[in-house]
Amino acid sequence: MSVSFDFSETETQQSVRTMVSDFAEKNIRPYIMEWDETQHFPVELFKQLGELGVMGVLVPEAYGGAGLGYQEYVDVIVGVARVCGSIGLSLAAHNSLCTGHILAFANEEQKQRWLPKLASAEWIGAWGLTEANTGSDALRMMTTAVEDGDDYIINGAKNWITHGKSGDIAVVMVRTGEKGSSKGISAIVVERGTPGFSAGKKENKLGMRASETTEMVFDNCRVPKANLLGNVGEGFKQAMKVLDGGRISIAALALGIARGAFDAAVAYSKQRQQFGQPISNFQAISFKLADMATEIEAAELLIRQAADLKNRHLPMTKEAAMAKYFASEVSVKVATEAVQIFGGYGYTKDFPVEKFYRDSKLCTIGEGTSEIQKIVIAREVLS
């Protein structure tokens, strides 16, 4: 099938980019190392982002959202991640996972109940799929939901959950049928304050340290059946569709980090003098920058293609996986080369590239490792 793409920038995109860039420079850049060092999740910042309209980028205006598309969403994530990967990650998880799942699969009553609070950032969202022993092997999850009258009783734990402690609402995948069956998993919304729902261990991470990553624990947690998204047994299928969009999010996150590292490297290479001239004059450095710039542009084209297909409701599993795989690997490579260009200074916290370096690695792991992306791509190519 031949598909045409139009990536020309709209006035809306230009406005979104300017708005997000100005906000990030004023409200995020001055605090990134403080938040990183203390592992502080700045909830107050996300309330401001809610006022800006970017906590519900894809949510229709009828539910309090911005009502924009995936191209604008990519611009938002890239614009924030270019300054701080941690904030970009949390913004992406809130929008594409929790909010995105509810937007795609909730009934009208559920949408009216939850989406306005998520879009305004009155509530921060979390999404629970991963468990300690079932990372990529989600069909064997141990968290269960057992029917009890008009409720479900949930028991188990979820790991590596963004906003697992500070989130006000979580979409949780639970086992309601046979282990290993794709029809044995359901998606249930659990609100913070529900008895039996608590936060466990907070992870002490290499990077993305201002984005909270915490265990969620369910101990005889009673949740109304009215909180079930879709029908019983549809949770795994829903999660896979949500992750298709989530891959665009992480690809955009990776692109933002790569652009931030590249910008810093270019500026430094023009300022740093060696042997009586800027190091950008040396072919060893200029060729690194040429490779970095080329791969960043290629990553963006893959992302824009996936976003365009998503906007038009066309199949994009392969394209999203390609974008996520390529962009995340490029992000690590660009950040690594940026540290090299900075030399010894790049290894210190006085300069920005060491943080881009640490943050970039998560992009090759979160929401499906690079190896899982290859499986998805190969399956699509060979089908």
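If you're wondering where the values come from, they're calculated on a predicted model, not measured in any experiment. (Residues numbered from 1 in each chain as written. Predicted model: local features only at pLDDT ≥ 70, side-chain atom pairs only at ≥ 80, totals over all residues. Heavy atoms only, no water.)

Describing the environment of D75
Basically, it comes down to this: Strands are runs of DSSP state E lasting at least two residues, helices are runs of H or I lasting at least four, and both sets are numbered from the N terminus onward. It only takes one pair of heavy atoms within 4.5 Å for two residues to be counted as in contact. What qualifies as a polar contact is a pair of N or O atoms within 3.5 Å, subject to a donor-acceptor requirement within protein and to the restriction that residues adjacent in sequence count only when both atoms come from side chains.
By the element assignment, D75 lies in helix α4 (residues 70-81). Setting aside anything within four residues of it in sequence, one finds D75 in contact with Q13, V16, R17 and R304. Side chain to side chain, D75 and R304 meet in a polar contact 2.6 Å long.

Some points on the UniProt feature "domain: Acyl-CoA dehydrogenase/oxidase C-terminal" (unreviewed entry) in the protein chain
Test applied: UniProt positions are given in the numbering used here, feature names are shortened, and annotations may be inferred rather than shown by experiment.
Sites flagged by UniProt as "domain: Acyl-CoA dehydrogenase/oxidase C-terminal" (unreviewed entry) map to residues 233-381. Across residues 233-381, helical content stands at 75% and strand content at 3%; the span's end C-alpha atoms are separated by 28 Å.

Observations concerning a nonpolar patch on the surface
As a reminder of what qualifies: Any residue with relative accessible area above 30% and no salt bridge may belong to a patch, with like charges joined within 9 Å and the nonpolar Val, Leu, Ile, Met, Phe, Trp and Tyr side chains within 5 Å. The Shrake-Rupley method, run with a 1.4 Å probe sphere, supplies the accessible areas, and residue values consider only the shown protein chains as cover. Any carboxyl oxygen of Asp or Glu that lies within 4 Å of a side-chain nitrogen of Lys or Arg is treated as forming a salt bridge with it. The rule is simple: take the accessible area with a 1.4 Å probe, protein chains only, and divide by the maximum for that residue type; under 20% is buried, over 50% is exposed, in between is partly exposed.
Residues F5, F7 and L301 make up a contiguous nonpolar surface patch of about 260 Å² in total accessible area. Along the chain, F5 falls in the segment before α1 (11-27). A relative accessible area of 32% means that F5 is categorised as partly exposed.

Some remarks on the UniProt feature "domain: Acyl-CoA dehydrogenase/oxidase N-terminal" (unreviewed entry) in the protein chain
Mapped onto this structure's residue numbering, the UniProt feature "domain: Acyl-CoA dehydrogenase/oxidase N-terminal" (unreviewed entry) falls at residues 10-122. A helix fraction of 70% and a strand fraction of 0% characterise residues 10-122, whose end C-alpha atoms lie 30 Å from each other.

Regarding the pairing of strand β1 (residues 125-128)
To keep things clear, this is the line we draw: Here a strand pair is declared whenever DSSP counts at least two bridges between the two strands.
Judged by which residues are buried, β1 turns out to be covered on both faces: G125 and W127 on one side and A126 and G128 on the other are all buried. Inspection of the sheet shows β1 paired to strand β4 (residues 169-175) by four bridges, in the parallel sense. Residue pairing for β4: A126 is matched across the bridge by A170.

Examining empty space enclosed by the protein
Threshold: Space inside and on the surface of the protein is sampled on a 1 Å grid over the protein atoms alone, with a cavity defined as a set of points where a 1.4 Å probe fits but cannot get out and a pocket as an open set with protein on both sides within 12 Å along at least 5 of 7 lines; lining residues have an atom within 4 Å of a point. Grid points are joined across faces, edges and corners, and a volume is the space filled by probe spheres set on the points. Classification used: nonpolar for Ala, Val, Leu, Ile, Met, Phe, Trp, Tyr, Cys and Pro, charged for Asp, Glu, Lys and Arg, polar for all others including Gly.
If you walk through the whole model with that rule in mind, you get one cavity of 30 Å³ or more. Considered as a void within the structure, the largest cavity measures approximately 30 Å³ in volume. Contributing to the lining of the largest cavity are V57, L58, V59, N95, T99, G100 and L103. Here the lining of the largest cavity is composed, by residue class, of four nonpolar, three polar and no charged.

Things to note about helix α8 (residues 283-311)
Applicable threshold: Take the residue count of a helix, subtract one, and multiply by 1.5 Å to get its expected span.
Between its terminal C-alpha atoms α8 stretches 42 Å, which fits the 42 Å expected from 29 residues at 1.5 Å a residue. If you check which residues of α8 are buried, you get I285, L289, M292, I296, A299, E300, I303, R304, A306, A307, D308 and L309. Along its buried surface, α8 packs onto α1, α4, α7 (235-271) and α9 (317-342). Once α8 finishes, H313 follows within two positions and takes phi at roughly 60°, a positive value.

Describing the nonpolar core
The tendency in soluble globular proteins is for nonpolar side chains to be buried side by side. Quick note on the threshold: Within this scheme, the nonpolar core is defined by two criteria: the residues are buried Ala, Val, Leu, Ile, Met, Phe, Trp, Tyr or Cys, and they are joined through side-chain atoms within 4.5 Å. Boundaries of every domain are those given by an automatic assignment or by a domain database.
Within the largest apolar cluster, 72 residues are counted, with the highest numbers of intra-cluster contacts made by I28, L49, I87 and L253. Of all the elements, α7 adds the most residues to this core, at 15 residues. Formed jointly, this core draws a minimum of three residues from each of two domains, domain 1 (11-124) and domain 3 (243-382). Here L49 is in contact with F23, V54, M55, I87 and L91, once residues within four sequence places are set aside. Of all hydrophobic cores here, the second largest spans 27 residues; its members include W114, L129, A138 and L229.

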